[in-house]
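Survey of secondary and tertiary structure
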Amino acid sequence: MMVVAGCAAADEQKSGQAGQPSPSASVDAARLRAALLPVPKGMTIAYGPETGAFGALKSTQQGLAAVRQAKLERPECAGAAQLDAARPEVAKAPAAVIAFAAQRGSITQAVVSLPGTAFPDPLPAQCAAYQADVRGTQVTYKTRDLRMPPRGDRSRAYLTTAAGGKQNAQIGSVMIRRGNLIMSMLVVGQRVKPRGLFELGRLADQNLARVTR
């Protein structure tokens, strides 16, 4: 299930960082913020940038809450092919997140500092198509793997169609690992074009390369 959080109301357009960070934490936060995309043409900042432990970020908490509220035909698909904030090492990892919005849709991006070679597993075959009850509405999710040009050390992209209720939507997702940073991006709209998603992935990887030199 693709959970999209972070596109908050205009009165939440501000940065957040809990507590008094140490100097090293401040440097790490600045590096993570520098890896985020600038505001895309025709869009505005809807949320963030927020920095802190990935599991404690407001957008992460909203995403987890959305998963809990949905009744999935296949519960194992809730966070498939995405960063698992329920894992302690992921939840505690330093992260930065930002969301952009426009009438045509939204983009939510997170960059997480995670040492090692960890990377989300590919989408399981049983999660390519399933149903969920989302606040009383039956929604069918269908996901296909996209052949995005390789980015960073590892990368992956998917396109999900969510059909149900009065409105249908497409969700494009991109994951890139470069060095000790993992970038996760969700693009939501009535129609998400793979070419545009790949271009966002290219720009995101450029930023990752710049801050990991």
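All of the points below concern the structure found in this document.

Turning to the sheet that holds strand 5 (residues 129–134), a few remarks are in order. Spatially, the 9 strands line up as an open sheet ordered 1-3-4-9-8-7-6-5-2, and their pairing is antiparallel. Every other strand in the sheet has two partners, leaving strand 1 (44–53) and strand 2 (71–72) as the edge strands with one partner each. Of the strand pairs in this sheet, strand 4 (residues 105–113) and strand 9 (residues 181–189) are connected by 9 bridges, and their pairing is antiparallel. Looking across to strand 9, one finds that Val111 is bridged to Met183. Docked against the sheet, helix 2 (residues 58–69) engages strand 1, strand 2, strand 3 (94–102) and strand 5, running at close to 95° with respect to strand 1. In the packing of helix 4 (residues 194–211) onto the sheet, contacts are made with strand 4, strand 6 (137–146), strand 7 (154–163), strand 8 (169–178) and strand 9, and the angle to strand 8 comes to roughly 25°.

Another point: the nonpolar core. Counting 27 residues, the largest nonpolar core has Ile107, Val111, Val174, Met183, Met185, Val187 and Leu208 as its most contacted members. Among the elements that take part in this core, helix 4 stands out by supplying 6 residues, more than any other. Once residues within four sequence positions are removed from consideration, Val174 is found in contact with Met148, Arg156, Ala157, Met183, Ser184, Met185, Leu197 and Gly201. Counting 16 residues, the second largest nonpolar core, distinct from the first, contains Leu57, Ala85, Leu114 and Phe119.

We now examine the side chain of Glu50. Following the sequence through the fold, Glu50 ends up in strand 1. Lys58 is the oppositely charged side chain nearest to the buried, salt-bridge-free Glu50, at an N-O distance of 7.7 Å. Within polar-contact distance, the side chain of Glu50 engages the backbone nitrogen of Lys58 at 3.1 Å.

The tally for this structure, following the rule as stated, stands at 4 salt bridges. Notably, a salt bridge pairs Asp28 with Arg31, separated by 3.7 Å at the nearest N-O pair. Of this pair, Asp28 and Arg31 both sit in helix 1 (residues 23–34), 3 residues apart, which is roughly one turn of the helix. Taking the relative accessible area as the measure of exposure, Arg31 reaches 24% and is therefore partly exposed. Here Asp205 ties to Arg178 by a salt bridge, and the two come within 2.8 Å at their closest N and O atoms. Here Asp205, found in helix 4, pairs with Arg178, found in strand 8; they are 27 residues apart in sequence, far enough to count as distant.

Reading the values: the criteria
Residues numbered from 1 in each chain as written. Predicted model: local features only at pLDDT ≥ 70, side-chain atom pairs only at ≥ 80, totals over all residues. Heavy atoms only, no water. Pairing = 2+ DSSP bridges. Helix = DSSP H or I, 4+ residues; strand = E, 2+ residues; numbered from the N terminus. Contact = heavy atoms within 4.5 Å. Axes fitted to C-alpha atoms, helices over the stretch in contact; angles between N-to-C directions. Core = buried A, V, L, I, M, F, W, Y, C linked by side-chain atoms within 4.5 Å. Buried < 20%, exposed > 50% of the residue type's maximum accessible area, 1.4 Å probe, protein only. Lys, Arg positive; Asp, Glu negative; His and termini not counted. Salt bridge = Lys/Arg side-chain N within 4 Å of Asp/Glu carboxyl O. Polar contact = N/O pair within 3.5 Å; in protein donor to acceptor, adjacent residues only side chain to side chain.

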